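# Structural overview for review
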Amino acid sequence: MAQSGGFDLGGLGDMVGDLMSGKGLDMDALQGLWETVQPTLQGLDTDQILDTVGEWAKGLDLPLLKDIPDSTIEDLKNGAKVPLNDLLKG
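Residues numbered from 1 in each chain as written. Predicted model: local features only at pLDDT ≥ 70, side-chain atom pairs only at ≥ 80, totals over all residues. Heavy atoms only, no water.

Another aspect to go through is the side chain of Thr72. Summarising the element assignment, Thr72 is placed in helix H4 (residues 70–77). Accessibility expressed as a relative area gives 6% for Thr72, which makes it buried. Excluding residues within four positions of it along the chain, Thr72 makes contact with Val82, Asp86 and Leu87. (Helix = DSSP H or I, 4+ residues; strand = E, 2+ residues; numbered from the N terminus. Buried < 20%, exposed > 50% of the residue type's maximum accessible area, 1.4 Å probe, protein only. Contact = heavy atoms within 4.5 Å.)

And the structure:
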């Protein structure tokens with residue numbers, strides 16, 4: 001199974017495909033996946049967080065925001081819960 005940033009991507013591609021709607025992403029359904037990834041980001045530096053989030057989004061073919069706000073990165077570093085829509089284009 002594929003691994004990225006300490007979390008398992010195996011089988012998630014099919015699940016994510018089922019979560020897409022005709023009008024875009026189903027952010028509520030994807031939020032559960034995000035909540036399994038987010039704790040792995042606590043304590044990482046900014047570049048590691050951006051790389052990990054970028055790889056996760058790329059691996060699942062999700063449209064990551066071009067510029068993630070510094071405040072969002074700081075929240076992730078500190079272990080605060082960040083809504084998925086703060087990272088993805090909906």
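Back to the text.
Moving on, we come to the side chain of Gln38. Along the chain, the position of Gln38 falls in the loop between helix H2 (27–37) and helix H3 (46–59). A distance of 3.4 Å separates the side chain of Gln38 from the backbone nitrogen of Val82, its partner in a polar contact. Discounting chain neighbours no more than four positions away, the residues touching Gln38 are Leu76, Ala80, Lys81 and Val82. (Polar contact = N/O pair within 3.5 Å; in protein donor to acceptor, adjacent residues only side chain to side chain.)

This paragraph deals with the packing of aromatic side chains. In the structure shown here, the tally under the stated rule is one aromatic pair. For the pair Trp34 and Trp56, a centre-to-centre distance of 5.4 Å together with 50° between the ring planes defines the contact as tilted. Residue Trp34 is found in helix H2, and its partner Trp56 is found in helix H3; the two are separated by 22 residues along the sequence. Overall, the relative accessible area of 1% leaves Trp56 in the buried class. (Phe/Tyr/Trp six-rings, centres within 6.5 Å; stacked < 30°, edge-to-face > 60°.)

With that settled, consider the packing of H3 against H4. It is the contact of H3 with H4, at a shortest axis distance of 10 Å, that shows an interaxial angle of 95°. By the angle between their axes, H3 is roughly perpendicular relative to H4. Across the interface between the two elements, Thr46, Ile49 and Leu50 of H3 pack against Ile73, Leu76 and Lys77 of H4. A class-by-class count of the residues in the contact of H3 with H4 yields four nonpolar, one polar and one charged. (Axes fitted to C-alpha atoms, helices over the stretch in contact; angles between N-to-C directions. Parallel < 35°, antiparallel > 145°, perpendicular 65-115°, else oblique. Nonpolar A, V, L, I, M, F, W, Y, C, P; charged D, E, K, R; others polar.)

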